[in-house]
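# Breakdown of the fold
Okay, here's what each chain looks like letter by letter:
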Amino acid sequence: MVLFNVSRVQTKPFDGQKPGTSGLRKKVKVFVQPHYLENFVQATFNALTAEKVRGATLVVSGDGRYYSKDAIQIITKMAAANGVRRIWVGQNGLLSTPAVSAVIRERTGVDGSKASGAFILTASHNPGGPNEDFGIKYNMENGGPAPEGITDKIYENTTTIKEYLTADLPDFDISTTGVTSFAGPEGQFDVEVFDCASDYVKLMKSIFDFEAIRKLLTSPNFTFCYDALHGVAGAYASRIFVEELGAQESSLINCTPKEDFGGGHPDPNLTYAKELVARMGLGKSDTQGEPPEFGAAADGDADRNMVLGKRFFVTPSDSVAIIAANAVDAIPYFSAGLKGVARSMPTSAALDVVAKHLNLKFFEVPTGWKFFGNLMDAGLCSVCGEESFGTGSDHIREKDGIWAVLAWLSILAYKNKDNLGGGKLVTVEEIVRQHWAKYGRHYYTRYDYENVDAGKAKELMAYLVKLQSSLPEVNEIVKSARSDVSKVVHGDEFEYKDPVDGSISKHQGIRYLFEDGSRLVFRLSGTGSEGATIRLYIEQYEKDPSKIGRESQDALGPLVEVALKLSKMQEYTGRSAPTVIT
Ligand code: G6P
Ligand code: ZN
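In short, a report on the structure. Here the structure is a predicted model, which means the values were calculated and not measured. Position numbers for residues count from 1 along each chain, tracking the sequence in the order it is written. Ligands are numbered from 1 and chains lettered from A, in the order in which they are written. Owing to the predicted nature of the model, reporting of local features is limited to residues with pLDDT of at least 70; listing and counting of side-chain atom pairs is limited to 80 or more, with chain, interface and lining totals taken over all residues.

Right, let's talk about the nonpolar core for a bit. Ranked by size, the top nonpolar core spans 148 residues in total, and within it Leu 58, Val 59, Ile 213, Ala 324 and Val 341 carry the most contacts. Sorting elements by how many residues they give to this core places helix α14 (residues 401-415) first, with 11 residues. Annotation comment: domain bounds sourced from an automatic or database domain assignment. There are two domains that each give this core at least three residues, and those are domain 1 (2-195) and domain 2 (199-439). By the criterion used throughout, residues are in contact when their C-beta atoms, derived from the backbone, lie within 7 Å. In contact with Val 59, other than residues within four places in its own chain, are Trp 88, Leu 95, Val 100, Val 103, Ile 104, Ala 115 and Ala 118. Nonpolar cores are built from buried Ala, Val, Leu, Ile, Met, Phe, Trp, Tyr and Cys residues. These are joined into a set through C-beta atoms within 7 Å. Our exposure labels follow a C-beta count within 10 Å of each residue's own C-beta, placed from the backbone: buried means 20 or more other C-beta atoms, exposed means 12 or fewer, and partly exposed covers the counts in between. Secondary structure elements are taken from DSSP: a helix is a run of H or I of four residues or more, a strand is a run of E of two residues or more, and numbering for both begins at the N terminus.

As C-alpha cells, then:
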C-alpha cells in the first residue's frame, strides 16, 4: 500500500467564490489559478465540518468537461488529507448529474460502503474547453444539491480561508475500474473507480417497463433519435437505448462525450440542438427526408432534456404536465398514484390544471431544483418540472434528462400498445394535442436577453417592482400597447415559504397576472457566468378547443408587445431583440 503524508498549504481568499443556483461556475482560466479550486474545496470540507468529513465516502465526477481530470486528482488528494475514507469516481471521471444523485442514494461500494455526498464537476449547459466554463457543486446525503445554509457557509469560508490540506498521493488511473488503497496518517484511504452507468441503468429498470419500451423502439413503424450534444448523456444513451432497449446505433447522434462538447453549446433547446432540430424537420432547411417519430436531447451533464415529435416541439411546461397526466397508467413506478406534483414559478400552469383534475397536491416553488428536493424528502411530490428543460421525479434529487425520455417513451408505448408491428401510431404531436383538447392549452414562450450590463438589468427589475405599486398606471401602459390584451389584476415579487422547513425565499421574480389567466414574469438568471441575463416568460391560457391550434409566437404576439413596453426592455438593455427565444 502506498503511504502518503499530509501537508498544510498557505493560501489567501479569492473574491467571488459564491455558489449560484447550481454551484460555482467560472471560466476555466479562473479555475486554473493556483489555489482557486483548492480554496473552494477546503471551504466546502470546513462547511460540512471535520466530524462529517472524517471517515466519509464521497463521489467525485462530472460531465467530463475540460479541466475535470485535473480537478478530480486535486480533490482526491485534498479528500485524503481531510480524513475522507473513500473516494468513488466514475470511469474516466464521468457521471451525469442524475447518476451522481442515484449513486449517492443507491450504490453500495465493493466493501459495503455507502456515499454521503458528492462533488459534481460540471457547468451544466454552458460550453466547455480551455476558454469556456468549468464548475463544481456539492450534493448532500439525500442526493440533492446542498441547501442554502451550507452554500452560504461555504462562501463565508472562502472569504476567510488561510490554508488547505493536501496529500502527496500519486495521480491515480481513472480509466480502469477497481480499487486502489493508500495509507495515510489517519489510516487507510481508498479510491474506487467504477462503471458510470450500471447503477443508473439498474435504477431506470426498476422504474420503467423496459420490455414495453423495447417493443416500441424495435417496432418497424417507430423511429427514434437521441442527441447528447457531446455531453455525458452519451455514456448512458448507448447503454440504455441501444444495448437495453434495442434502438439502432445510428439513432444516436453526438453521443461521444467530449471535453469541449465538440465546440458546441450543450443546451438542449431549439437554438443549440441544431442537428437534432434539422433531423426532426424543425430546422430552417430540412434535410434528410422523413423525420423520426421521436427525438430528444440532453445538456452537458444530462439533467436537462428536450422532447420533440416529428416536426413538433413539446414545451417543457407541457412535457411535465403530460407526464403527470399519464404517469400512473404508463410508468410502473407510479402505479400506486402520485404523491403530488410541483413546478417552478415561471413554468406554465399546464401542470396546475392536471393537478386539479386529478386532485393532486400541487406546489409552486422558486426556480432551482433544490426546492423540489425538500418536498420529495417529505413525501409530498412525485413528479416535477421546470420551463428550463428540467423534468424529474422523486427517484433521485436532481432533474433527469434520460428519465424524461424514458417517461415519454413509456407514454408512447402505452398509447400504442395495440399499434406496434405496423400501421398508424399515435404520435407525440397527437398526444400533446389530445392533452390540450382535454385540459386547455397554455401558450408559452421565453425571451432571454443574455450578457446584459448587470447594472442596467438591476435597474430594469427595480423599475418593474416599483411600477407594480400602481395597477392603474400599469393598465394604462398595457392598454396603450395593445387594446386587445386583458388587464393586469395583480403584480408581485414571488416569495416562497418552504412548507417543509419554513424557510423563506424572497425576490424570486416579478409577476404580472392578467384577468384572463395570462402571466408575464421577469427574472434575472442565476446560472450565467458573465454579465446578467434577463428572462421574460410569457404565458396565455386558452380553453376554447377551436383556438388551441395556433402558432405560439402568433398567439402570444400581443402579450409580447405589452411585456416589452411595460419593462422598457429596449431602453434599459439597448437590445431590440432577445438573444434566444424558446
Ligand atoms: C439550473 C437549475 C434549474 C433552473 C435552471 C435555470 O438548471 O438546476 O433548477 O431552473 O438552472 O436557471 P436560471 O436562473 O438560469 O433561469
Ligand atoms: Zn445541466
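Another aspect to go through is the packing of helix α17 (residues 471-481) against helix α18 (residues 552-567). Orientation is described by axes fitted as lines to C-alpha atoms, over the contacting stretch for helices, and by angles from 0 to 180 degrees between their N-to-C directions. Their axes nearest at 9 Å, the elements α17 and α18 cross at an angle of 130 degrees. Here α17 is positioned oblique relative to α18, judged by the angle of their axes. Judged by the twist between their axes, the crossing of α17 over α18 is right-handed. Residues Val 474, Ile 477, Val 478 and Ala 481 of α17 touch α18, and the partners they reach there are Glu 561, Val 562, Lys 565 and Leu 566. Roughly parallel refers to an angle under 35 degrees, roughly antiparallel to one over 145, roughly perpendicular to one between 65 and 115, and oblique to any angle outside these ranges. Crossing handedness follows the turn of the near helix against the far one: under a right angle anticlockwise gives a left-handed crossing, and clockwise gives a right-handed one.

Moving on: the sheet that holds strand β16 (residues 341-344). Pairing between the strands of a sheet is mediated by backbone hydrogen bonds and can be parallel or antiparallel. We treat two strands as partners when DSSP finds at least two bridges between them. Strand order in this open sheet of 4 strands is β17-β16-β18-β19, and the pairing throughout is mixed. Taken across any chain shown, the strands that pair with only one partner, and hence form the sheet edges, are β17 (362-365) and β19 (390-393). Neighbour-to-neighbour, the strand axes of the sheet open up by a mean angle of 15 degrees, direction not taken into account. Pairing of β16 with strand β18 (residues 383-386) involves 3 bridges; the strand directions are parallel. Within β18, the residue paired with Ala 342 across the bridge is Cys 384. Strands β16, β17 and β18 of the sheet are contacted by helix α13 (residues 370-377), whose axis makes an angle of about 150 degrees with β17.

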